[in-house]
Amino acid sequence: MKTINEILDLNKRTPDEVINELKQKAIIIPDWFTINKEYDPMQHPVMDKAKYADVVNDNGTIDNVTRIILDMQRLAVKRMSELCFGVPVKRIYNAITDKQKEAAKIIEAVYQRNRIDAVNIERANMLFAGCEVLTLWYAVEGQNNIYGINSPIKIRCRSFTPIRGDKLYPLFDENGDYIAVSINYNVRRGDRDVEYFDTYTTDRHLKWVYNDGWQVEEDEIIEIGKNPTLYMWRQAPIWESSSCIVYEMEWAMSRNGNYLRKNSKPVWVVCADEQISVGEEKNQDNEFRSILQYPSGSTANYVTWQQAIENLKFYISELRQMFFSQLQLPDFSFENMKTTPMSGEARKQLFIDAQLKVKDESGRLLEFLDREVNVVKAFVKVIAPKLSSDIDALQVETVITPFTINDEKDTINNIMTATGGKAVLSQREGVEQLGWSSDVDKTMKELKEQEQYDIFETTN
C-alpha cells in the first residue's frame with residue numbers, strides 16, 4: 001500500500017489522480033440516500049402514492065386515504081444519544097503537580113467554551129442516524145483570555161456528516177491505523193455552489209477546489225503535530241433492521257383509519273314493510289321541532305359499526321414492544337410510564353438492557369473521545385508552550401455514564417449499612433464526586449476556613 005506522502009505527491013501525479021485515490025473507501029457504510037428513506041417518515045412506503053394510491057371516484061373527485069406515519073427511527077436515534085450523553089461525559093484529570101492542575105483547567109476551559117456536552121449529543125445523533133461523523137478542531141487568530149490564560153488563538157470545533165450533505169473519506173493503512181481523512185462538501189458562493197475537497201494528515205492540510213477540474217487552493221503545514229480531525233463510524237444506523245416493524249404498524253393503522261372514516265358516522269335505519277321517505281326534513285336552523293311518521297309495527301334507530309378494536313390495539317402494542325426490545329432501548333415515554341405502575345427499584349431495572357447497549361457502543365465512543373483529548377492537548381500546547389511537558393504528562397480518563405433513574409441516597413445508605421455506619425469517603429472525595437465544584441482545591445480551602453471560623457465563634 002502507498003504511503004500518504006506518496007499519494008499526495010503532486011510532482012508525480014495530477015490532482016484528479018490524487019483525489020480519485022483518496023476517495024477509495026475501505027470501509028462499507030450504507031449510503032445516506034438509502035438510510036434517509038427509513039429515517040425520514042415522509043419517505044416511508046405508506047406515503048408512496050404509487051404503492052398506496054388515493055381513491056378516484058367516477059365523477060373525478062379524489063378521496064384521500066388515511067396515511068399515518070410513525071417517527072420511530074428518529075426516536076431510536078434520540079433515545080440512544082440521550083442514553084449515552086444525557087449524563088455529560090466526565091473527564092478525570094490525574095494532575096499531580098500545580099502546573100498539571102493549571103493545564104487541566106485550561107483543557108477543561110477549551111471544552112466548556114465549545115459547549116462540548118451539546119456537541120456530544122449532536123455528534124451522537126449524526127453517528128446513530130448517518131453511520132459516520134467527523135469532527136475538525138481548528139484555531140482562529142484572535143487575542144483573548146477566555147481559557148484563563150492569554151492566548152493568541154481561539155480553539156473551535158466543527159462536525160461533518162452525510163446528513164448535512166458532506167462526504168467523508170477516511171484513509172487507513174494496512175494495519176488499520178487512521179492516517180488521513182478527506183471531506184467533500186459544497187459552499188454557496190454568490191449564485192452558485194462551489195465544490196471543495198479537504199485532506200488532513202498529521203502534518204499537512206490541502207484544500208482543493210473544483211473548477212473544470214480539481215485545483216489546489218491551499219497547501220499548509222499542520223503545526224500541532226497531530227491530525228486535527230476525529231472520525232467515527234458504524235456499519236448500520238441504530239435502528240438496525242427494524243424498519244419493517246415500523247412499516248407494518250403504519251400500514252395497520254392507516255388501513256384501519258380508512259375503515260373508521262367510512263363506518264364511524266351514525267347510520268339511521270328504518271325497518272318497515274312500506275317505503276318510507278327520509279332525508280326531506282328542513283334545516284335544523286329553520287324549524288324548531290321534527291315530526292317523523294312511520295307505519296304501525298315499524299322500528300327506527302341508529303346502527304353503529306361494531307369494530308374489533310382490541311385486536312388492533314394488541315397488534316400495535318406487540319409490534320411497538322418488539323421494536324424497542326430488539327434495539328435494547330427503553331420505552332420510557334410519558335404515556336408508558338403513566339399507565340405502567342412501577343416501584344422506584346423496578347424503574348431502575350428498566351434500564352438494565354439499555355445500559356448493556358451503551359456498553360456495546362462505548363468502545364468506539366471512548367476511542368473517539370480519547371483521541372479528541374489528545375488533539376485538544378496539542379492545541380493547548382500552542383497557547384501555553386511553557387506547560388508543554390506538563391500537558392504531555394497529564395493523564396486524562398474519559399468516562400461515559402449511561403443515563404438511568406438512580407437514587408444515590410439508597411446507594412449511600414446500603415454502603416453505610418455494610419460498613420457499620422462508618423464513612424466511606426473523605427470530604428475531598430465527596431466534593432469531587434458530587435461534581436458541583438469547578439475547583440475542588442478552592443472549595444476545600446473555603447470549607448476549612450469556614451470550619452475554623454465556626455470554631456472561633458463558638459469559643460468566644
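What you are looking at is a predicted structure, and each value in this text was computed from that prediction instead of being measured.

About the criteria used
Residues numbered from 1 in each chain as written. Predicted model: local features only at pLDDT ≥ 70, side-chain atom pairs only at ≥ 80, totals over all residues. Heavy atoms only, no water. Salt bridge = Lys/Arg side-chain N within 4 Å of Asp/Glu carboxyl O. Helix = DSSP H or I, 4+ residues; strand = E, 2+ residues; numbered from the N terminus. Buried < 20%, exposed > 50% of the residue type's maximum accessible area, 1.4 Å probe, protein only. Phe/Tyr/Trp six-rings, centres within 6.5 Å; stacked < 30°, edge-to-face > 60°. Lys NZ or Arg CZ within 6 Å of the ring centre and 35° of its normal. Axes fitted to C-alpha atoms, helices over the stretch in contact; angles between N-to-C directions. Parallel < 35°, antiparallel > 145°, perpendicular 65-115°, else oblique. Contact = heavy atoms within 4.5 Å. Nonpolar A, V, L, I, M, F, W, Y, C, P; charged D, E, K, R; others polar. Pairing = 2+ DSSP bridges. Expected span 1.5 Å × (residues − 1).

Q: For this particular structure, what's the right way to read the pattern of salt bridges?
A: Opposite charge on two side chains allows them to pair when their charged atoms are near. In the structure shown here, the tally under the stated rule is 16 salt bridges. Between K381 and D392 there is a salt bridge, with its nearest N and O atoms 3.0 Å apart. Here K381, found in helix α11 (residues 352-383), pairs with D392, found in helix α12 (residues 388-393); they are eleven residues apart in sequence, far enough to count as distant. For K381, a relative accessible area of 25% corresponds to the partly exposed category. Among the charged side chains, a network of salt bridges with common partners joins R234, E240, E361 and R364.

Q: What am I meant to see in the packing of aromatic side chains here?
A: Summed over all chains, the structure comprises twelve aromatic pairs. Here Y210 and W214 contribute two aromatic rings whose centre-to-centre distance is 5.2 Å and whose plane-to-plane angle is 70°, an arrangement assigned as edge-to-face. Taken together, Y169, F197, Y210 and W214 form an aromatic cluster joined through their ring pairs. Here the guanidinium or amino end of R74 rests over the ring plane of Y39, the centre of that ring lying 4.5 Å away.

Q: Which parts of the structure should I look at to understand the packing of helix α4 (residues 72-85) against α11?
A: The packing of two helices is summarised by the inter-axis angle and the distance between the axes. For the pair α4 and α11, the least separation of the axes is 10 Å and the interaxial angle reads 70°. Taken together, the axes of α4 and α11 lie roughly perpendicular to each other. Contacts from M80, L83, C84 and F85 of α4 reach α11 at A354, K357, V358, E361, L365 and L369. Partitioned by chemical class, the residues of the contact of α4 with α11 number eight nonpolar, no polar and two charged.

Q: Would you take a moment to explain the pairing of strand β5 (residues 151-160) for this structure?
A: In summary, the side chains of a regular strand alternate between the two faces of the sheet. Two strands pair when backbone bridges link them, and strand β4 (residues 132-144) and β5 are joined in this way by nine bridges, in the antiparallel orientation. Across the sheet, the residue bridging to V140 is K154, located in β5. Hairpin remark: β4 followed by β5, antiparallel, with six residues in the connecting loop; positive phi at G148, about 85°.

Q: Just checking my understanding: could you explain helix α5 (residues 98-113) for this structure?
A: Three or four residues apart is the spacing at which side chains of an α-helix point the same way, because the helix has 3.6 residues per turn. Counted at 1.5 Å a residue, the expected span for α5 with its 16 residues is 22 Å, and the 23 Å between its end C-alpha atoms agrees. Of all the positions in α5, only Q100, A103, A104, I106, I107, A109, V110 and Y111 are classed as buried. The secondary structure elements touched by the buried residues of α5 are β3 (90-94), α6 (116-130), β4, β5, α11 and α12.

Q: Would you explain the sheet that holds β4 in this entry?
A: Working definition: the strands of a sheet are paired by backbone hydrogen bonds and lie parallel or antiparallel to each other. Read from one edge of the open sheet, three strands run β5-β4-β11, paired in antiparallel fashion. Both edges of this open sheet fall to β5 and β11 (229-233), since each of them pairs with a single strand only. Across the sheet, the mean angle from the axis of one strand to that of its neighbour is 20°, orientation sign disregarded. As defined by bridge partners, β4 adjoins β11 across five bridges and the pair is classed as antiparallel. Considered in β11, the bridge of E132 is made with W233.

Q: Would you mind going over the environment of K226 with me for this structure?
A: If you trace the backbone, K226 turns up in the loop between β10 (214-221) and β11. The exposure class assigned to K226 is partly exposed, which follows from its relative accessible area of 36%. The sequence separation of K226 and F379 amounts to 153 residues, and the corresponding C-alpha distance is 9.4 Å. In this structure K226 touches T201, T202, N374, V375 and A378, once residues within four positions along its chain are discounted.

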